[in-house]
Amino acid sequence: MIDRNKPPRGVRNNNPGNLRHGSPWEGLAAAQADTAFCTFVRDEDGLRALAKVLLKYERDGLNTVRGILNKYAPDTENDTEGYIAHVAARMGVAPGAVISVKDNLDPLMRAIVDHENGRGWADHYAPATYAAAIRRAKGMA
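Residues numbered from 1 in each chain as written. Predicted model: local features only at pLDDT ≥ 70, side-chain atom pairs only at ≥ 80, totals over all residues. Heavy atoms only, no water.

## A few points about the packing of helix α5 (residues 105–117) against helix α6 (residues 127–137)
Point 1. One way to put it is that α5 packs onto α6 with a least axis distance of 10 Å and a crossing angle of 115 degrees. Seen from above, α5 lies across α6 with right-handed handedness. Residues L105, D106, M109, R110 and V113 of α5 form the contact with α6, whose own contacting residues are P127, Y130 and I134.
Point 2. Considering only residue class, the contact of α5 with α6 consists of six nonpolar, no polar and two charged. (Axes fitted to C-alpha atoms, helices over the stretch in contact; angles between N-to-C directions. Helix = DSSP H or I, 4+ residues; strand = E, 2+ residues; numbered from the N terminus. Left-handed = near helix turned anticlockwise from the far one by under 90°. Contact = heavy atoms within 4.5 Å. Nonpolar A, V, L, I, M, F, W, Y, C, P; charged D, E, K, R; others polar.)

The following block contains the structure:
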């Protein structure tokens with residue numbers, strides 16, 4: 001059960017993937033009060049940025065949950081093995097199984113959002129919001 005009165009940082013920043021500053025993302029808020037993580041204008045903008053990162057990883061040859069999360073959530077800042085186990089279990093795949101990121105963006109993103117923000121927060125976003133973000137990330141909007 002989530003407490004909507006106390007949303008986690010990623011939700012407050014419209015950045016459910018907790019992306020750090022560094023890329024000039026579409027939809028960044030003019031004011032970036034969080035010194036570590038991006039703040040987006042809308043949830044959809046933050047989800048689109050997450051999808052773009054994951055699609056780039058696939059183009060770079062990362063096509064397993066283990067490969068993706070070793071890059072996305074390095075063990076210098078995360079319990080990467082726990083993160084991998086959580087995302088793989090939520091997606092119903094083995095950590096080393098080859099997946100089509102492009103075809104599995106929705107469940108991959110939901111699992112990452114769930115891990116980054118806490119159980120239940122992935123469902124805070126409507127299916128239409130995920131779908132619109134994915135369409136935009138793929139250049140189909």
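## Details of the nonpolar core
Looking at soluble globular proteins, one finds that nonpolar side chains tend to be buried together.
Point 1. Counting 39 residues, the largest nonpolar core has L54, L69, Y72, V87, M109 and I112 as its most contacted members.
Point 2. For this core, the elements supplying multiple residues, two or more each, are α2 (43–59), α3 (65–72), α4 (80–91), α5 and α6.
Point 3. With eight residues, α2 is the largest single contributor of residues to this core.
Point 4. Each residue touching L54, except ones within four places of it in the same chain, is listed here: I68, V101, L105, L108, M109 and I112. (Core = buried A, V, L, I, M, F, W, Y, C linked by side-chain atoms within 4.5 Å. Buried < 20%, exposed > 50% of the residue type's maximum accessible area, 1.4 Å probe, protein only.)

## Observations regarding unusual backbone geometry
Point 1. The backbone of N14 shows a phi angle near 55 degrees, a positive value even though the residue is not glycine.
Point 2. Assignment of secondary structure puts N14 in the loop between α1 (9–12) and α2.
Point 3. Residue N14 is classed as buried on the basis of its relative accessible area, which comes to 16%.
Point 4. Although it is not a glycine, N18 sits at a positive phi angle of roughly 50 degrees.
Point 5. Here N18 shows up in the loop between α1 and α2.

## Things to note about the packing of aromatic side chains
Point 1. Under the definition given, this model contains one aromatic pair.
Point 2. Centroid distance Y125 to Y130: 6.2 Å. Interplanar angle 85 degrees. Geometry classified as edge-to-face. Here Y125 and Y130 have matching classes, each one buried. (Phe/Tyr/Trp six-rings, centres within 6.5 Å; stacked < 30°, edge-to-face > 60°.)

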